[in-house]
Amino acid sequence: MRITRAGVAGTILMLLVAGICMRFGFWQLERLEERRAVNAAAEAGMALPPLELDSAAIAAIERDPAAFVHRTAVARGTFDFSTELLLRGRAHQGRPGVQAAVLLQLEGMGRSLVVNRGWMPSPDAATADPRPMRVAGPVAVEGRLQLLPPSSGRSVRSDIAIGDTTVATYQRLDSEGLAAAAAPRALLPIYLEATTPAISGLVPVPPPVLDEGSHFGYAVQWFSFAAIAVIGYVVVVARKASPKARRKPVS
């Protein structure tokens, strides 16, 4: 079979397309393994007995906060509702709402802990009155530990006026603003998702969904695209090389 420029170009194009598809397929498999590892760590953390946030536990958390993600913990202290904020755009069972977060001043620790107290309904998923949900005095809150995300310009602050009170709302937790509000106490690099609300009306944050997502299905799709590119190319080449295709029509 005679080699032509068009044939060489077609071969290169087929190899390029197939290679890209294969690379995306393996990338999806890598993401699947990463997700499985995260899920395994989450399951292991949630299976451990509740951790009392005493001085020893806090020192360990400050050394390696990532090691305590998804760990059940019990925090004792007093809520500082002057630092209360709402997280916008949080749905629950298809209903729009917000989540109420506040700093918990830990007893005798000189530390503050962000506590996501739970979900409450909001027709516009941005405006709500958290004051009826407040609880005074010392509390013990049980929940799951999560890493406090770094500050981001995407977490746009918007204040709402409720009576004589102004409540800040964010799209996500803002660690920089919370650290300033916690001063002179130090802010822990983790936060607590309350699993048992301190007062009725707040819905606890649901546990994480530990599934494998669509990574395996996407990998199969990309490998299928690569196979289609190769098989299609072989079929085209075979047809062009067949004697019937090379036979000239008789005039």
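Basis of the calculations
- Residues numbered from 1 in each chain as written.
- Predicted model: local features only at pLDDT ≥ 70, side-chain atom pairs only at ≥ 80, totals over all residues.
- Heavy atoms only, no water.
- Helix = DSSP H or I, 4+ residues; strand = E, 2+ residues; numbered from the N terminus.
- Rg over C-alpha atoms; globule rule 2.2 N^0.38 Å.
- Buried < 20%, exposed > 50% of the residue type's maximum accessible area, 1.4 Å probe, protein only.
- Lys, Arg positive; Asp, Glu negative; His and termini not counted.
- Salt bridge = Lys/Arg side-chain N within 4 Å of Asp/Glu carboxyl O.
- Contact = heavy atoms within 4.5 Å.
- Core = buried A, V, L, I, M, F, W, Y, C linked by side-chain atoms within 4.5 Å.
- pLDDT = per-residue confidence, 0-100.
- Phe/Tyr/Trp six-rings, centres within 6.5 Å; stacked < 30°, edge-to-face > 60°.
- 1 Å grid on protein atoms, 1.4 Å probe; cavity = no way out; pocket = protein on both sides within 12 Å on 5 of 7 lines; lining within 4 Å.
- Points joined across faces, edges and corners; volume = space filled by probe spheres on them.
- Nonpolar A, V, L, I, M, F, W, Y, C, P; charged D, E, K, R; others polar.

Here the focus is the overall build of the protein. If you tally the helices and strands in the protein, you get five helices and eight strands. Starting at the N terminus, the α and β elements of the protein follow one another as α-β-α-β-β-β-β-β-β-α-β-α-α. Since a compact globule built from 251 residues should have a radius of gyration of about 18 Å, the 28 Å found for the protein marks it as more spread out than a globular shape. For the protein, the C-alpha atoms occupy an extent of roughly 100 × 40 × 30 Å along the three principal directions.

So, on to the side chain of Arg71. With respect to the helices and strands, Arg71 occurs in the loop between helix H2 (55-63) and strand E2 (72-87). No salt bridge forms around the buried Arg71; measuring N to O, its nearest opposite-charge neighbour Asp54 is 9.9 Å away.

What follows is about the side chain of Glu193. You can see Glu193 is positioned in strand E8 (residues 186-194). Residue classification places Glu193 among the buried residues on the basis of a relative accessible area of 11%. Setting aside anything within four residues of it in sequence, one finds Glu193 in contact with Asn116, Glu142, Gly143, Arg144, Gln146 and Val205.

If you look at the biggest cluster of nonpolar residues, it comprises 23 residues, and the most contacted ones within it are Leu53, Phe79, Leu113, Val115 and Leu192. Those elements that provide at least two residues to this core are H2, E2, strand E3 (97-106), strand E4 (111-121), strand E5 (138-147) and E8. What Leu192 contacts, discounting residues up to four positions off in sequence, is Ala73, Ala75, Leu113, Val114, Val115, Asn116, Val141, Glu142, Gly143, Arg144 and Leu145.

This part is about the confidence of the model for the protein. Confidence in the prediction for the protein averages 86 pLDDT; 92% of positions are at 70 or higher. Averaged over each element, pLDDT in the protein is lowest for helix H5 (residues 243-246) (59) and highest for strand E1 (residues 51-52) (94).

Applying the stated rule across the entire model yields five aromatic pairs. Look at Trp222 and Phe225: their rings are 5.6 Å apart centre to centre, the planes differ by 90°, and that puts the pair in the edge-to-face class. With Trp222 and Phe225 both in helix H4 (residues 215-241) and three residues apart, the pair spans about one turn of that helix. Its relative accessible area of 41% is what places Phe225 among the partly exposed residues.

A few words on the layout of surface pockets. Size it by volume and the second largest pocket reaches roughly 210 Å³. Around the second largest pocket sit 16 residues that line it, and Ser82, Thr83, Glu84, Arg157 and Ala168 are the ones nearest its centre. Every element with two or more residues in the lining of the second largest pocket is listed here: E2, strand E7 (165-170) and helix H3 (175-182). When its residues are assigned to classes, the lining of the second largest pocket shows seven nonpolar, five polar and four charged.

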